[in-house]
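Residue-level structure breakdown
Next come the chains, spelled out residue by residue.
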Amino acid sequence: MRVLSKDASNRRFPFAHTFSIVARDPRSGQMGVAVQSHWFATGSMVTWGEAGVGVAATQSMVEVSYGPLGLAGMRQGHTPQQVLTGLLQKDEGRDLRQVALLDANGNVATHTGARCIAEADHETGEQFSTQANMMLKNTVWHAMAETFKTAKGDLSERLMQALEAAQSEGGDIRGKQSAAMLVVEGQKYPNPWQGILVDIRVDDHPEPLVELRRLLKVNNAYQSMNAGDAFLADGKVEQAFEAYNRAARLAPEIIELPFWQAVTLAESGKVEESLPIFKRVFEDDENWRVLLARLPKAGLFKVSEADCQRILHI
C-alpha cells in the first residue's frame, strides 16, 4: 500500500500493477477474467464476475468498487462502456486506474489512465480485452491478445495460455507473486454465487502461473466428478463413469476422487467394479476405510450390510 497524497480524500489504494485478460467464449457463452501480479492476493482485488452478467478487472492503483459497481451496472442492462464512463466520471483518481469490463453479449470497455506506470496499455479484440501496466516491455498486452486469439481449448485454458504468454514476454517489471482466474457461465441464475465454474487464486508463490495451472487441473477434476454425479442422478450411468474416470485421470494424486467414484459404483449395484478401487484407496490411507464405515449411519452409503462388510474387509 501507499498513500497517494494528491488524490481525493488522501485515500489509500493498493498496488495491482499487473497484466490481466477479460474474455467471453461465443460458443459456450462462458465469461472469464484472469490476472497475474507482483502483489499479494491480487485475486482479492482484481477479478470480479457474475454468471449471465459479466466480468471485470480493476487494477493499477486499484479502486475496488469498479468491480462490484461495474457488475451492478451491467446487471441493470447498461453496456460496459456506459458503466465505465459513469464510474470514471465520478473518480478523481481515474488517471491512475486500469479497468476492463465485459458483458454477457461480449461487449467490452477498457480504460488505461494517463498516469498508469509504463509500460502500460490495453488491446481489445472480438469479445476480449488484454491490459497491463508496469510491464517490463510494451509488447506484453499484444502478446496476450495474439495468444488468446489462436489458443485452443475451453475458455479457462485459453485464459491460462494468455497469462503464460504475458509472462514469457517479460511480464511485470517487478517480477511475480500472485495470480487468479474466475470463469462464470453465460446464463443468469437467481443468486450471484451460482454459475461459477472456476474460482481459483494463488496468493503468494514464487511461480504463481505454474501453481495456477495446477489448481486449474484440480478444479477441472472436481468439475468432472460433479458432472458424474449429475449424470448419475439423471440415470446416465455410462456418461457418469466416463466423467468419473476423467476426473481420476486429471488428478490421480487426489485419492478422494476414486473413493467417491467407488462409493457411487457400489451404490449403483456395481460392487464388483468398486472393489479394486476401494482396495487401492484403503492401501493408500486406512482412514478412508474408517470413513466408509461411518457413511451408512449418515445415509450416505446405501448398500446391503453384506456388501458393506465385504468392501470394508477387502
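In the block above lies the structure referred to throughout.
Residues numbered from 1 in each chain as written. Predicted model: local features only at pLDDT ≥ 70, side-chain atom pairs only at ≥ 80, totals over all residues. Heavy atoms only, no water.

Details of the pattern of salt bridges
Overall, the coordinates contain 13 salt bridges when judged by the stated rule. Across the pair Asp25 and Arg27 runs a salt bridge whose closest N-O atoms are separated by 3.3 Å. Owing to a relative accessible area of 3%, Asp25 belongs among the buried residues under this scheme. The class of Arg27 is exposed, set by a relative accessible area of 66%. Put simply, Arg97 and Asp91 hold a salt bridge, and the shortest N to O gap is 2.8 Å. (Salt bridge = Lys/Arg side-chain N within 4 Å of Asp/Glu carboxyl O. Buried < 20%, exposed > 50% of the residue type's maximum accessible area, 1.4 Å probe, protein only.)

With respect to the pairing of strand β10 (residues 121-125)
Relative to strand β11 (residues 128-132), β10 runs antiparallel, the two being bridged by 5 bridges. In the strand pairing of β11, His122 is matched with Gln131. (Pairing = 2+ DSSP bridges. Helix = DSSP H or I, 4+ residues; strand = E, 2+ residues; numbered from the N terminus.)

What to know about the environment of Val35
Note on placement: Val35 falls in strand β5 (residues 31-37). A relative accessible area of 0% places Val35 in the buried class. If we skip the residues at most four places from it in the chain, Val35 touches Thr18, Phe19, Ser20, Thr42, Val46, Thr47, Leu163, Ser178, Ala179 and Ala180. (Contact = heavy atoms within 4.5 Å.)

Focus: the layout of surface pockets
If you add up the space inside the second largest pocket, you get close to 150 Å³. Every residue lining the second largest pocket is listed: Asp25, Ser28, Gln30, Asp154, Ser156, Val183, Leu197, Val198, Asn219, Asn220 and Gln223. Only β13 (196-202) and α5 (208-233) provide two or more residues apiece to the lining of the second largest pocket. Looking at the lining of the second largest pocket element by element, the count peaks at 3 residues for α5. (1 Å grid on protein atoms, 1.4 Å probe; cavity = no way out; pocket = protein on both sides within 12 Å on 5 of 7 lines; lining within 4 Å. Points joined across faces, edges and corners; volume = space filled by probe spheres on them.)

Some remarks on the nonpolar core
Core analysis: the biggest nonpolar cluster contains 29 residues, and Phe259, Val263, Phe278, Phe282, Leu292, Phe301 and Ile311 have the highest contact counts within it. Looking at this core, the elements that each hand over two or more residues are α5, α6 (237-250), α7 (256-267), α8 (271-284), α9 (287-294) and α10 (305-312). Setting aside chain neighbours within four positions, we find Ile311 in contact with Ala266, Val271, Ser274, Leu275, Phe278, Phe282, Arg289, Leu292 and Phe301. Grouped together as the second largest cluster of nonpolar side chains are 28 residues, Met160, Ala179, Leu197 and Val202 included. (Core = buried A, V, L, I, M, F, W, Y, C linked by side-chain atoms within 4.5 Å.)

Quick notes on the pairing of β11
Across the 5 residues that make up β11, a large majority, 5, are buried. Side chains of β11 alternate between two faces, with Phe128, Thr130 and Ala132 and Ser129 and Gln131 buried alike. Direction of pairing for strand β4 (residues 18-24) relative to β11: antiparallel, over a ladder of 5 bridges. Across the sheet, the residue bridging to Val22 is Ser129, located in β11. As consecutive antiparallel partners, β10 and β11 are separated by 2 residues, and within that stretch Gln127 has a phi angle of approximately 65°, a positive value.

Quick word on unusual backbone geometry
Cis geometry is adopted by the peptide bond preceding Glu119, which originates at Ala118 and carries an omega value of 0°. Position of Glu119 among the secondary structure elements: in the loop between β9 (108-112) and β10. The phi dihedral of Ser60 is positive, around 70°, even though this residue is not glycine. Here Ser60 is to be found in strand β7 (residues 54-61). The backbone of Gln127 sits at a positive phi, close to 65°, despite the residue not being glycine. In this fold, Gln127 is placed in the loop between β10 and β11. By relative accessible area, which is 15% here, Gln127 ends up buried.

None of this, on its own, says anything about what the molecule does.
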